[in-house]
Amino acid sequence: MSTLLSFTRQSLGPVVTAFLGGYLFTWGFVALTVTSTVTLGWGFHTAEHTAFLLAFPVFLLVFFWLFLSRKTLLTHAVAYGGGVLMTAASVWLQSMLLAQGA
Amino acid sequence: MQFNSTRQGMAWLHTWLGLILGFVLMVCFFFGALSVFDREIDRWAIPETRFDPQPMPSFDNLLMGVFERIEPDEAEYKRMMPEYHDASAGEMTPRLELPADEYWAYTTHRDPVLRMGAGFRVPFPANPEGHNHIHGNTTIDPRTGVSVPDHHLKIGSEWFYPLHYSLNLNWNRIGFFIVGIAGFFMLVALISGVWIHRKIFRELFTFRRHKSKQRSILDMHNMTGVVALPFHFFFAFTGLIIFVAFYYMPVTNTMLEPLHSAQQAIEAEEMGLPHERAGIPAPMASVDAMVAEAKRRWAARDMAGEVGFLQMHHVGDQNAYVSIYRAGSDRVALVGEGIHFNGVTGDVLREDPPHSLAESIGDFLAGLHLQHFEHWFLRWLYVIGGLLGCACIATGFMFFVEKRKQQHAKSGSQGSRIVDAFAVTTVTGMVIAAIAMLIANRIIPSATEGKGDIEKLVFWSVWALSFLHAIWRSAAVALAKTNPAWREQTVLIALLGVVAVIANWISTGDHLIKTIFTDPYWAVAGVDLSLLAGSLIALLAVKKMTATHETERKQETSQKKLATGEAAYE
């Protein structure tokens, strides 16, 4: 049991944090891609398709980067922080677009 | 976690994530491979539907009557009505009095039967902006309009097919999320696998069957992984892309929903298709005439074709409109070339414009995965690709166990034993469960109420039994030997495959001579032949396993004799 717990903590822990960091970053990336391209005049569905086509390549890159990096704290701060910042920026852009009657 | 090199980190990811999620991926690949012929499996399972594929029948003369007979689903009514209905605004409408708002019919070049459905409006909705529909579906014989009984489970398209993307675990869509996570880590395993196996081209041609068991298994794992690498990659990727917007990353349906809705309203206005009912009753124009006009317009664009999907919106209202989409049997991309008609006047309201580049790429990727095209050779390549994926994952499990079982036997660890039991269950146990379900389908009389539910019960029970059997027989692995459950379950596969074919013959009279030669019906012949091919492969595997078992036994005996001799000498 202790082996299983130690495996979960030491080995699966970094996988889970890299997965969640990658997910959060990609969420922000998709949201910001959609809102920024709609702001630039793209159709909503074109923007949506473009963002989702790029989502998994971005997710994979960030996941590998977080998992394999030696500077764990820095990379995780960039990924988690970047995800939150992009999400916040997209929410702000959305409110701007709605206010303009988009 | 710190690794000495990137390659070491990649190897760790490949081994452990491949192992943990490989059990889910095995289900996705195996049932995904079967889903390529889901309609054919449906024909095998429901003998009443063994006739040739039919074009969409007359809407005015046949389908309208069927639509009017469709009732809202009882279970969905009980589940969703309290959520959709605003009790303070008025009384809840009884199920059979819900007014129809939407009708649809769907067929493909492989479907003799026609799937149809209706969406019923909920009066006094809690959220008037929402899609407040209770649904009802039916499947008919398009030659007569007679419904296929509801208790007949379409084993191919309603059981094996959803298994590969949802595991048929529908509680809070948990199965979708498990498969989504597994699909993502499949991409991780593929990339890390390519990274750690640098000599990819050489591995394409390397299989040393006379080397050690561990070496042969690793060669097979590498070869099956590399041979179908593009297939594995695009299937995992396109599978994720299909569901990403709905389930895996619903950014535009949650956080950006206000912008999405606003854009949809603008698009609907631009398209000229009524978003809401007018509230004024009106009779329908001839839908057959609309179908004829749609076909004429497709032919004028040099893409003559049949109707694949037909949908009628705001039924019985002045704002009714009919959308007609072309069957995509002659192309990969999932585009319907939709033409929309005013439901009351029959005038064309709009023809869908060509998609943007990003949408076209999405259509192509989705079409590549869902393969609606009519190309039998390519469909078989899909099956082979799926089965190669299964072989790659199965040999991955076996290599994991082979590499560690000696060491675990010495240290007393149960790790290899547990992994091996799970591997038996997901490799041979899954196949046994699928064939047992088909046999149950042929043995249980057609008129039995709840026949489909019994078949599902057989599937899960047999799979659970195969796990218990694998656990029960796994003690050998703890002694660094092979689990006899592998051989025993493979024998069972060989037997059950033949039993299923015989059960089909006895219960329907459709034996192979008839379905191939005297009265050809390739859907059923194909399933029978695949079952027999499965039996043959299982038999060859049993022969090989028996030979390996004999070798192991002889080695063990000679080692024992040697040990006894050494002890006597001492």
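The structure presented is a predicted model; accordingly, all values stated were derived computationally and were not measured.

Novice: Help me out: how do you make sense of the overall build of chain B in this one?
Specialist: Helix and strand content of chain B: 19 helices and seven strands. Viewed in the frame of its principal axes, chain B has a C-alpha envelope of about 105 × 60 × 55 Å. Taken across its 570 residues, chain B has 50% of its residues classed as buried. Contacts in chain B between residues far apart in sequence, at least 24 positions, make up 70% of those at least 6 positions apart. Summing over all exposed atoms, chain B offers an accessible surface of approximately 27300 Å²; the carbon and sulfur share of this is 63%. Here chain B contributes 49 positive and 56 negative side-chain charges, whose respective centroids are spaced 17 Å apart.

Novice: Explain unusual backbone geometry here, please?
Specialist: Excluding glycine, residues mostly carry a negative phi; peptide bonds, for their part, are mostly trans. All names here are of chain B. Although it is not a glycine, phenylalanine 124 adopts a positive phi angle of roughly 55°. You can see phenylalanine 124 is positioned in the loop between strand S2 (114-121) and strand S3 (133-140). For leucine 167, which is not glycine, the phi torsion reads 55° and is therefore positive. Relative to the elements of secondary structure, leucine 167 occurs in the loop between helix H5 (155-166) and helix H6 (174-196). You can call leucine 167 buried: its relative accessible area is 11%.

Novice: I tried to follow the interface of chain A and chain B on my own but got confused; where do I start?
Specialist: For an interface, size is often stated in terms of accessible area lost upon the parts coming together. Each partner contributes residues to the interface: chain A has 42 residues there, and chain B has 48 residues. Across the interface of chain A and chain B, roughly 4000 Å² is buried in total on both sides, 79% from carbon and sulfur atoms. The largest contributions to the chain A side of the interface with chain B come from Phe44, Phe52 and Phe56 of chain A, which together make up 17% of the buried area. Across the contact surface, chain A and chain B share eight residue pairs in polar contact (both at pLDDT 80 or more). Those elements that provide at least two residues to the side of chain A that touches chain B are helix H1 (2-39), helix H2 (44-68) and helix H3 (72-99) of chain A. A per-element tally of the side of chain A that touches chain B places H2 of chain A first, with 16 residues.

Novice: Help me out: how do you make sense of a nonpolar patch on the surface in this one?
Specialist: Residue and element names in this part refer to chain B. A contiguous nonpolar surface patch, about 400 Å² in accessible area, is contributed by Val498, Ile502, Trp505 and Ile506. By the element assignment, isoleucine 506 lies in helix H17 (residues 484-508). Given the relative accessible area of 66%, isoleucine 506 is considered exposed.

Novice: Would you mind showing me how to read the nonpolar core here?
Specialist: In a soluble, globular protein the nonpolar side chains are often hidden away together inside. Phe63 of chain A together with Phe160 of chain B are the most contacted members of the largest nonpolar core, which has 126 residues in total. Apart from the residues lying within four places of it in its own chain, the contact partners of phenylalanine 160 of chain B are Phe31, Leu34, Ser35, Ile41, Ile155, Ala434, Met437 and Phe459 of chain B. Listed in part, the 37 residues of the second largest apolar core include Met80, Ala118, Leu310 and Val322 of chain B.

Novice: Where do I start with the side chain of asparagine 441 of chain B in this structure?
Specialist: Residue and element names in this part refer to chain B. Turning to its location among the elements, asparagine 441 is positioned in helix H14 (residues 415-443). Polar side-chain contacts of asparagine 441 include one of 3.1 Å to the backbone oxygen of alanine 45. Reaching out from asparagine 441, the side chain makes a polar contact with the side chain of glutamate 455 at a distance of 3.1 Å. Beyond its immediate stretch of four places on either side in the chain, asparagine 441 contacts Trp44, Ala45, Ile155, Lys451 and Glu455.

Novice: Explanation requested: the pattern of salt bridges in the structure shown.
Specialist: Side chains bearing opposite charge may pair, as long as their charged atoms lie close to each other. Residue and element names in this part refer to chain B. Counted under the stated rule, the structure contains 28 salt bridges over all chains. Its salt-bridge partner being glutamate 293, residue arginine 297 comes within 2.7 Å of it at the nearest N-O pair. One end of the pair is arginine 297 and the other is glutamate 293, both in helix H11 (residues 287-300) and four residues apart, which spans about a single turn. Its relative accessible area of 24% is what places arginine 297 among the partly exposed residues. One salt bridge connects aspartate 330 with arginine 326, and the closest N-O pair in it is separated by 2.7 Å. Relative accessible area serves as the criterion here: at 47%, aspartate 330 is assigned to the partly exposed category. Given the relative accessible area of 4%, arginine 326 is considered buried. Through salt bridges with shared partners, a single ionic network connects Glu293, Arg296, Arg297, Arg301, Arg326, Asp330, Arg331, Glu337 and Glu351.

Novice: Would you explain the sheet that holds strand S4 (residues 307-313) of chain B in this entry?
Specialist: Within a sheet, neighbouring strands are paired by backbone hydrogen bonds and run either parallel or antiparallel to one another. Residues and elements named next belong to chain B. Spatially, S3-S2-S1-S4-S5-S6-S7 is the arrangement adopted by the seven strands of the open sheet, whose pairing is antiparallel. The two strands at the open ends of the sheet, each matched to only one other strand, are S3 and strand S7 (348-351). When the angles between neighbouring strand axes are averaged without regard to direction, this sheet yields 15°. Bridge count for S4 against strand S5 (residues 321-326) is six bridges, and the pairing is antiparallel. Bridge pairing links histidine 313 to tyrosine 321 in S5. Seen against the sheet, H11 touches S4, S5, strand S6 (339-342) and S7 and runs at an angle of roughly 40° to S5.

Novice: Can you walk me through the side chain of serine 35 of chain B in this structure?
Specialist: Tracing the chain through its elements places serine 35 of chain B in helix H1 (residues 6-35). Non-local contacts of serine 35 of chain B, meaning those with residues more than four positions away in its chain, are made with Phe160, Tyr161 and His164 of chain B.

Novice: I tried to follow helix H4 (residues 74-84) of chain B on my own but got confused; where do I start?
Specialist: Residues separated by three or four positions in an α-helix point in the same direction, a consequence of the helix having 3.6 residues per turn. Residue and element names in this part refer to chain B. Every buried residue belonging to H4 is among Glu76, Tyr77, Met80, Met81 and Tyr84, and all of these are buried. With its buried residues spanning 120° around the axis, H4 presents them on a single face. Every exposed residue of H4 that faces more than 90 degrees away from the buried side is listed here: Lys78, Arg79, Pro82 and Glu83. Of the surrounding secondary structure, the elements contacted by the buried residues of H4 are S3.

Novice: Just to check I follow, could you spell out the packing of aromatic side chains for this structure?
Specialist: Tallied over the full model, the rule gives 50 aromatic pairs over all chains. Their ring planes at 65° and their centres at 6.0 Å tell us that phenylalanine 31 of chain B and phenylalanine 459 of chain B sit as a pair that is edge-to-face. With a gap of 428 residues between them, phenylalanine 31 of chain B in helix H1 and phenylalanine 459 of chain B in helix H15 (residues 451-472) connect regions that are remote in the sequence. An aromatic cluster of at least three residues, connected via ring pairs, comprises Phe19, Tyr23, Trp27, Phe56, Phe59, Phe63, Phe64 and Phe67 of chain A together with Phe3, Trp12, Phe184 and Phe185 of chain B. In this structure, arginine 143 of chain B is placed above the aromatic ring of phenylalanine 51 of chain B, and the distance from its NZ or CZ to the ring centre is 3.6 Å. One cation-aromatic arrangement involves arginine 404 of chain B over phenylalanine 400 of chain B; the distance from NZ or CZ to the ring centre is 3.9 Å.

Thresholds applied
- Residues numbered from 1 in each chain as written.
- Chains lettered and ligands numbered in written order.
- Predicted model: local features only at pLDDT ≥ 70, side-chain atom pairs only at ≥ 80, totals over all residues.
- Heavy atoms only, no water.
- Helix = DSSP H or I, 4+ residues; strand = E, 2+ residues; numbered from the N terminus.
- Buried < 20%, exposed > 50% of the residue type's maximum accessible area, 1.4 Å probe, protein only.
- Contact = heavy atoms within 4.5 Å.
- Areas by Shrake-Rupley, 256 points an atom, 1.4 Å probe, with all protein chains shown as cover.
- Lys, Arg positive; Asp, Glu negative; His and termini not counted.
- Charge placed at Lys NZ, Arg CZ, Asp CG, Glu CD.
- Buried area = accessible area lost by both parts, 1.4 Å probe.
- Polar contact = N/O pair within 3.5 Å; in protein donor to acceptor, adjacent residues only side chain to side chain.
- Patch = residues over 30% accessible without salt bridge, like charges linked within 9 Å, V, L, I, M, F, W, Y side chains within 5 Å.
- Salt bridge = Lys/Arg side-chain N within 4 Å of Asp/Glu carboxyl O.
- Core = buried A, V, L, I, M, F, W, Y, C linked by side-chain atoms within 4.5 Å.
- Pairing = 2+ DSSP bridges.
- Axes fitted to C-alpha atoms, helices over the stretch in contact; angles between N-to-C directions.
- Arc of directions from axis to C-beta.
- Phe/Tyr/Trp six-rings, centres within 6.5 Å; stacked < 30°, edge-to-face > 60°.
- Lys NZ or Arg CZ within 6 Å of the ring centre and 35° of its normal.

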